[in-house]
Amino acid sequence: MSLVRFITVGVVLLAPQLASGQAWLPGTAVALVQRAAAHRSLRDRDSSLASWHARAHGIVRFTALTGEAPNQVERVLRADELRVEVDGAWPARSKQVIVAWRDTSFLPNTLRYHRDHLGIVANDFGGTIRIGDGDEVRDLIHPLSGLGLVHYQFAMGDTTTVVSARATVRAVAVQVRPVDPHSAGVIGTLYLDLDRAALVRFTFTFTPASYRDASVENITVTLENSLQQGDRWLPWRQSIAIQRGNPLLDLPWHTVIRGDWTIDDLELDASQPVGRFSGPAIDGMRRPAVGGDWDGALVRQLATLPASDADIAQAQQEASRALGGRSLDGLPGLRLFGRGVSDFLHVNRVQGITPALGARLALGSGTILRSRVGVGLSDHRITAALGLDLPVRDARLSLGASRQLQDVGDVPVTSPMNNSLRTLVSGGDRGDYTLIERVGLTFAAKSGSTNLSVAAGREWSTSVESAFTALDGTIHPNPSLGAAAATVARLVLWRERPAGDGWSLHAEGAAGDSSWGRLAATGQTTLSVGRNSLTMRAELGAGTRSLPGYRAFVLGGPGSLLGVPDRALGGRRTARVEVAWGIPVSIGIPRVAGHYAMRPPSTLSLVVAAGVAGGAMLGLPWAASGRVEPVAGLRLDLWGPLLRLESGIALRTGHLGVAFDLHPAWWSFF
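Model, not experiment: these values are computed from the prediction.

A.B. asks: Explain the packing of aromatic side chains to me, please; I cannot follow it from the model alone.
C.D. replies: The relation between two aromatic rings is expressed through the spacing of the ring centres and the mutual angle of the planes. According to the stated counting rule, one finds eight aromatic pairs in the structure shown. Taken together, a centroid distance of 5.6 Å and an interplanar angle of 40° make the contact between Trp253 and Trp666 tilted. With Trp253 in strand E14 (residues 253-268) and Trp666 in the segment after strand E34 (656-662), the pair connects residues that are 413 residues apart, well separated along the chain. Taken together, the aromatic side chains of Phe125, Phe202, Phe204, Phe206 and Tyr211 make up a single cluster linked through ring pairs. One Lys or Arg, Arg83, reaches over the ring of Trp294 and ends 4.3 Å from the middle of that ring. Just above the ring of Trp236 sits the side chain of Arg237; from NZ or CZ to the centre is 4.4 Å.

See below:
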């Protein structure tokens, strides 16, 4: 690692958090901030820095975030890789030329990037900040400008010193926020070179009033500079992430456009041809091209990039603390709310066709009120939920009351949309339901990639009967699973990585009309073997003798043992293991008019699994035979993956099962 990069990395890694209780002052009262603003003004007029040249390499991702925080899953929908020639000159001029550009799409999209998403920030934005060609953020006052000294407040943090053989850098962490939190402006942390009064690093987001596009939820920016010739800080690494949602609907679906850039081969006092700075600021290629001299497949480059959801969450938490816990969500405070599309309309064998409506209201300081009400058109039963989420430092406390149907299975075995269609047409509902009325509170926190949830409350469980007749005239009975009233405490620890890898631990205890204890654990890991993959998964569950029916463990059918009839196995104890050998395959997708051409990856897997259930529970439809049931089959994950087609055969009985559904990565949304 070069000297200049060592210095920058040292500042980033060693700079501590600001001490709590630091005073917020206007820039005119902070000498270092005044010096830094003056330094930028002189730098932008410095004729001694005649010109400079650099090469930038960037990867721009268009991704989807599905699921609810803190357990969101990020999926890449499209990726672009670019090489850009960058030139700078006095006074604060820059010119960028895209010389190479390739892309790949994993799902149909008509995305057109703003031009400035395809280049770097050449001079720390100058006096004002614009993003998305001004459509997302326009002409915002920069903190280190003359107007910024008055518009913002600053809080001095600790100083970090990095010493090398050639240079010493003392960097001070300085928090910044607008004087008026309701006005347009940035919130973040400046790392300033104490001796040179220059900007080393700047990580920030924006107040909600800053966004001009109604769909922008938040924007997170990180700019890192490197020290050149001992006295000049020029761009080195940058990232800009723009997260969008729906201004009308609050659903577990967000999109992110994120560009990650590295600037190399900096050359000072470079000669520039006449007219170099005429024309568009970002010029060159207008669209991706096929071929070119690239380092390996683009999809492999994505694996080395940081997850956008983690960076966004951290930046938003730090900025919210700087504003006393105020929400920085740029979307409207009042929106319709749903845990997925099927929350608004679904079908099951107990309620039948069930329309529902939910709402979300932001109350300020990060407090959110959510409500939902639905009615079954077959049983005329009303279900409802009301919850209040409050921020507690870096965690959340939720108080809630609900009355809703709950499936016996902990892990979903099909998408809600697919289950509704099966139930409507043939009565093939894969759920077994209990009416649960619950009041209680939940504490949720996240440390790194590990999540913790602790819940306690009172719940009443009531057995329900089927009331819906499918289009083919069938009515499938629902088992009796209720167990009256109990006070229940639950603890969940989990860690999830891309592709579903990770682990979880569930512990549960209850006392009341029925008292029980319950433990469940899952683990999954995926290994790369050349171009192929080996995925291993294990699930264990055990409960006490008094475990009620609605907390039983069940196996069989899609999602567990395909080939064994749906939920044919179950009881107070279960275990399941699965091994899948995945081979990438090329399967074309029909071109969608107006969308980018694409050939997203597909995977064909040979799957072997086995499960066993013990601890019989009287009166329930599943068997606790204590006998291991092995299955084998094929699984085809198509296009991204978007869809899943699989078949399995029970090796004891020869029974064949086939399933077709959305890929599980999308179940939380559909």
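A.B. asks: How should the pattern of salt bridges be read in this particular structure?
C.D. replies: A side chain of one charge can pair with a side chain of the opposite charge if their charged atoms are brought near each other. Enumeration according to the criterion identifies 43 salt bridges in this entry. Among the salt bridges present, the one from Lys95 reaches Asp283, with a minimum N-O distance of 3.5 Å. Taken together, the residues Lys95 in strand E4 (residues 93-105) and Asp283 in strand E15 (residues 282-284) connect sequence positions 188 residues apart. With a relative accessible area of 4%, Lys95 lands in the buried category. Looking at Asp283, the relative accessible area reads 26%, which means it is partly exposed. Between Arg381 and Asp379 there is a salt bridge, and its shortest N-O distance comes to 2.4 Å.

A.B. asks: Would you take a moment to explain the sheet that holds strand E7 (residues 152-163) for this structure?
C.D. replies: The strands making up a sheet are joined through hydrogen bonds of the backbone, oriented either antiparallel or parallel. The strand order across the open sheet formed by 12 strands is E1-E7-E8-E9-E10-E11-E12-E14-E2-E3-E4-E15, and the pairing between neighbours is mixed. Strands with a single pairing partner mark the edges of an open sheet, and in this sheet they are strand E1 (25-26) and E15. The sheet strands contacting helix H2 (residues 31-43) are E7, strand E8 (168-178), strand E9 (186-193) and strand E10 (198-206), and the helix crosses E9 at an angle near 85°. Packing against the sheet, helix H5 (residues 308-322) makes contact with strand E2 (51-66), strand E3 (73-89), E8, E9, E10, strand E11 (216-228), strand E12 (232-244) and E14, and its axis sits at approximately 95° to E11.

A.B. asks: Help me understand a nonpolar patch on the surface, please; the structure alone is not making it clear to me.
C.D. replies: On the surface, a nonpolar cluster with roughly 790 Å² of combined accessible area is contributed by Leu527, Val529, Met536, Val579, Trp581, Ile583, Leu604, Leu606, Val608 and Leu634. Secondary structure elements with two or more residues in the nonpolar patch: strand E26 (516-529), strand E30 (573-585) and strand E31 (602-614). Checked against the element boundaries, Val529 lands in strand E26.

A.B. asks: Help me understand the side chain of Asp379 in this model?
C.D. replies: Within the fold, Asp379 resides in the loop between strand E19 (367-375) and strand E20 (382-392). Only 2.4 Å separates the side chain of Asp379 from the side chain of Arg381, close enough to count as a polar contact. Leaving out residues up to four positions away in the same chain, Asp379 has contacts with Val350, Gln351 and Ala467.

Rules used in this analysis
Residues numbered from 1 in each chain as written. Predicted model: local features only at pLDDT ≥ 70, side-chain atom pairs only at ≥ 80, totals over all residues. Heavy atoms only, no water. Phe/Tyr/Trp six-rings, centres within 6.5 Å; stacked < 30°, edge-to-face > 60°. Helix = DSSP H or I, 4+ residues; strand = E, 2+ residues; numbered from the N terminus. Lys NZ or Arg CZ within 6 Å of the ring centre and 35° of its normal. Salt bridge = Lys/Arg side-chain N within 4 Å of Asp/Glu carboxyl O. Buried < 20%, exposed > 50% of the residue type's maximum accessible area, 1.4 Å probe, protein only. Pairing = 2+ DSSP bridges. Contact = heavy atoms within 4.5 Å. Axes fitted to C-alpha atoms, helices over the stretch in contact; angles between N-to-C directions. Patch = residues over 30% accessible without salt bridge, like charges linked within 9 Å, V, L, I, M, F, W, Y side chains within 5 Å. Areas by Shrake-Rupley, 256 points an atom, 1.4 Å probe, with all protein chains shown as cover. Polar contact = N/O pair within 3.5 Å; in protein donor to acceptor, adjacent residues only side chain to side chain.

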